[in-house]
Amino acid sequence: PCMKTVEAFCPSDEQNVLSYTMEWHQKHWHGNVKLVNYLAERYQLPRNLRSTVYATQLNQACAIKYGVEHFRRCRGYTMGSIYWQLNDCWPVASWSSIDYYGRYKALHYYAKRFYSKIALGLFNEGDSITINVASESMDSFEGYIKYGVRKNDLSLVYEGEKHFTISPLSSLDVECVPNFEFNTHRDAYFYAELYDKNDKLIAKSTELGTEPKHFKLLKPTIDTKIEMVDGGALITLSSDVLAKDVEISFKNHDIVVSDNYFDLATDMPYTVFAKTTLTKSELEQEITLFSVYDI
């Protein structure tokens, strides 16, 4: 569960994923050992419990995303999916996407994206990347994909664009990009952005050429701008290098944002909405950012 939730039941001297307290807040007898084992497949060894919480939540989110995107691509063979589980009856390590206190884990934000009406999926198939768009809309959708390969410093290797129309209630492989050299590099990644016909960004996704633990992430400098609007604030982020799975959190408040745990994979700023009654100065004091580089 989220770090604030862990702090509610776990004393500071027990804040280790394998401690007595942490293992009692785990229904599976060897559950936390399994979490560490799964973690080792994708991420470097976390430096503290804060990093462990973040990394295990990402592991969970990526695992469910992997399945759902595949199911949606196979529409007609698979006609739906539901993930286990939504919430918890006590503060515990589990597969919930919302913890006991109602705090969103990474999965809950991921689910908003991979279950969206028009969803974008990237499929690394070894010698190629397939870009898929899945639609649960009752209307046809016209749009286009911008895609390409960049280095970890955001420098562009190449870029392409593909316009398409997808029928109602269907799945479409929009583009298959062959001969992906980025698969053999630790500092290059594939990215795709989905736009509608009015140039509105609908979705974006990134595929690394290797596991995150082996990718040569650079330390990001993330610029944050806050603009107050009715009902809350617009938070605009931009990074000088690839920033992977950026987490927006707040020190002393629980604030739901419109999107979270996202990549800053191009030099284009990204804006999310935060529903809050805090002032701009309070938000500036409260906001904290975390990314895979910080694990």
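That block above? That's the structure.
Residues numbered from 1 in each chain as written. Predicted model: local features only at pLDDT ≥ 70, side-chain atom pairs only at ≥ 80, totals over all residues. Heavy atoms only, no water.

### A few points about the overall build of the protein chain
Stated formally: The helix and strand labels rest on DSSP assignments: H or I over at least four residues marks a helix, E over at least two residues marks a strand, and numbering proceeds from the N terminus. Each radius of gyration reported is based on C-alpha atoms, and the globular scaling rule is 2.2 Å times the count of residues to the power 0.38. Think of it in three bands: with a 1.4 Å probe and only protein chains considered, a residue is buried below 20% of the maximum accessible area for its type, exposed above 50%, and partly exposed in between. Note on areas: Shrake-Rupley, 1.4 Å probe, and residue coverage restricted to the protein chains presented here. Note that His is not counted, nor are the chain ends; the positive residues are Lys and Arg, and the negative ones are Asp and Glu. For charged residues, the charge sits on one atom: NZ in Lys, CZ in Arg, CG in Asp, CD in Glu.
Of the regular secondary structure elements, the protein chain holds six helices and 13 strands. In terms of overall dimensions, the protein chain is globule-like: its C-alpha atoms have a radius of gyration of 19 Å, near the 19 Å expected for 295 residues. Along the first, second and third principal axes, the C-alpha set of the protein chain runs to 55 × 45 × 40 Å. Taking all 295 residues of the protein chain together, 49% fall into the buried category. If you sum the accessible surface of the protein chain, you get close to 15200 Å²; carbon and sulfur atoms cover 52% of it. Charge separation in the protein chain, taken as the distance between the mean sites of 31 positive and 39 negative side-chain charges, equals 2 Å.

### Describing the packing of aromatic side chains
Worth spelling out the cut-off: The criterion for an aromatic pair is that two Phe, Tyr or Trp rings (for Trp, the six-membered ring) have centres within 6.5 Å, with stacked assigned to planes under 30 degrees apart, edge-to-face to planes over 60 apart and tilted to the rest. Here, a charge over a ring means that NZ of Lys or CZ of Arg falls within 6 Å of the ring centre while also lying within 35 degrees of the ring normal.
Under the counting rule described, the total for this entry stands at 12 aromatic pairs. Taken together through their ring pairs, the aromatic side chains of Tyr54, Tyr104, Tyr109, Tyr261 and Phe290 make up a single cluster. The ring of tyrosine 110 carries the charged tip of arginine 113 above its face, separated from the ring centre by 4.7 Å. The residue whose ring lies beneath lysine 146 is tyrosine 195, and the NZ or CZ to ring-centre distance is 5.6 Å.

### Comments concerning the sheet that holds strand β5 (residues 170–178)
The condition is simple: A pair of strands counts as paired when DSSP detects no fewer than two bridges linking them. Each axis is a line fitted through C-alpha atoms, and for a helix only the stretch in contact is used; angles between axes span 0 to 180 degrees, taken between their N-to-C directions. Residues count as neighbours in contact if any of their non-hydrogen atoms are within 4.5 Å of one another.
Read across the open sheet, the three strands follow the order β1-β2-β5; overall the sheet is antiparallel. Two strands close off the open sheet at either side, each with one partner strand: β1 (118–124) and β5. In this sheet, neighbouring strand axes are inclined to one another by 20° on average, regardless of whether the strands run parallel or antiparallel. In this sheet, strand β2 (residues 128–135) lies alongside β1 in antiparallel orientation, the contact comprising seven bridges. Considered in β2, the bridge of glycine 121 is made with asparagine 132. Along the sheet face, helix α4 (residues 49–73) touches β1, β2 and β5 and points at about 105° away from the line of β1.

### Topic: the side chain of serine 291
Along the chain, the position of serine 291 falls in the segment after β13 (287–290). You can call serine 291 buried: its relative accessible area is 2%.

### Regarding the pairing of strand β7 (residues 201–208)
Of the strand pairs in this sheet, strand β6 (residues 188–196) and β7 are connected by seven bridges, and their pairing is antiparallel. Note on β7: the bridge partner recorded for glutamate 193 is lysine 204.

### Structural notes on the packing of helix α3 (residues 31–42) against α4
Our working rule: For classification purposes, angles smaller than 35 degrees are called roughly parallel, those larger than 145 roughly antiparallel, those between 65 and 115 roughly perpendicular, and all remaining angles oblique. Classes in brief: Ala, Val, Leu, Ile, Met, Phe, Trp, Tyr, Cys and Pro nonpolar; Asp, Glu, Lys and Arg charged; the others, Gly included, polar.
Put simply, α3 and α4 touch, their axes get as near as 10 Å, and they point 80° apart. Taken together, α3 and α4 sit at an angle that is classed as roughly perpendicular. Where α3 abuts α4, its residues Leu35, Tyr38, Leu39 and Arg42 lie against Ala55, Thr56, Asn59 and Cys62. Looking at the contact of α3 with α4 residue by residue, the class counts come to five nonpolar, two polar and one charged.

### Section: the sheet that holds strand β3 (residues 141–151)
In spatial order, the strands read β4-β3-β6-β7; together these four strands make up an open sheet with antiparallel pairing. Only two strands of the sheet have a single partner each, and these edge strands are β4 (156–166) and β7. Adjacent strand axes in the sheet meet at a mean angle of 15°, parallel and antiparallel pairs treated alike. Pairing between β3 and β4: 10 bridges, direction antiparallel. Considered in β4, the bridge of isoleucine 145 is made with lysine 162.

### With respect to α4
As a reminder of what qualifies: Expected helix span is computed as 1.5 Å times (number of residues minus one). We define a polar contact as two N or O atoms separated by no more than 3.5 Å, with the added condition that, inside protein, one atom must be a possible hydrogen donor and the other a possible acceptor, whereas residues neighbouring each other in sequence contribute only through side-chain atom pairs.
Here α4 contains 25 residues, and its C-alpha end-to-end distance of 36 Å stays within 8% of the 36 Å for a straight helix at 1.5 Å per residue. For α4, the buried fraction is high: 18 of the 25 residues fall into the buried class. You can read the cap of α4 off the contacts: a side-chain oxygen lies 3.2 Å from the backbone nitrogen of arginine 50, and it is on asparagine 48.

### Some details on the side chain of glutamine 60
Along the chain, glutamine 60 falls in helix α4. Given the relative accessible area of 7%, glutamine 60 is considered buried. Setting aside anything within four residues of it in sequence, one finds glutamine 60 in contact with Ser94, Trp95, Ser96, Lys105 and Leu107.

### Section: the pairing of strand β9 (residues 232–239)
Sheet analysis places strand β8 (residues 222–229) next to β9, joined by eight bridges and oriented antiparallel. The partner of aspartate 223 across the bridge, within β9, is serine 238. Examined bridge by bridge, β9 and strand β12 (residues 270–275) share six bridges and lie antiparallel to one another. Paired with glycine 232 across the strands is lysine 275, a residue of β12.

### Notes on helix α5 (residues 106–114)
Most of α5 is tucked away, with seven of its nine residues classed as buried. Taken together, the buried positions of α5 are occupied by Ala106, Leu107, His108, Tyr109, Tyr110, Ala111 and Phe114. Packing partners of the buried residues in α5 comprise α4, β1 and β10 (243–250).

In short, geometric facts, not functional conclusions.
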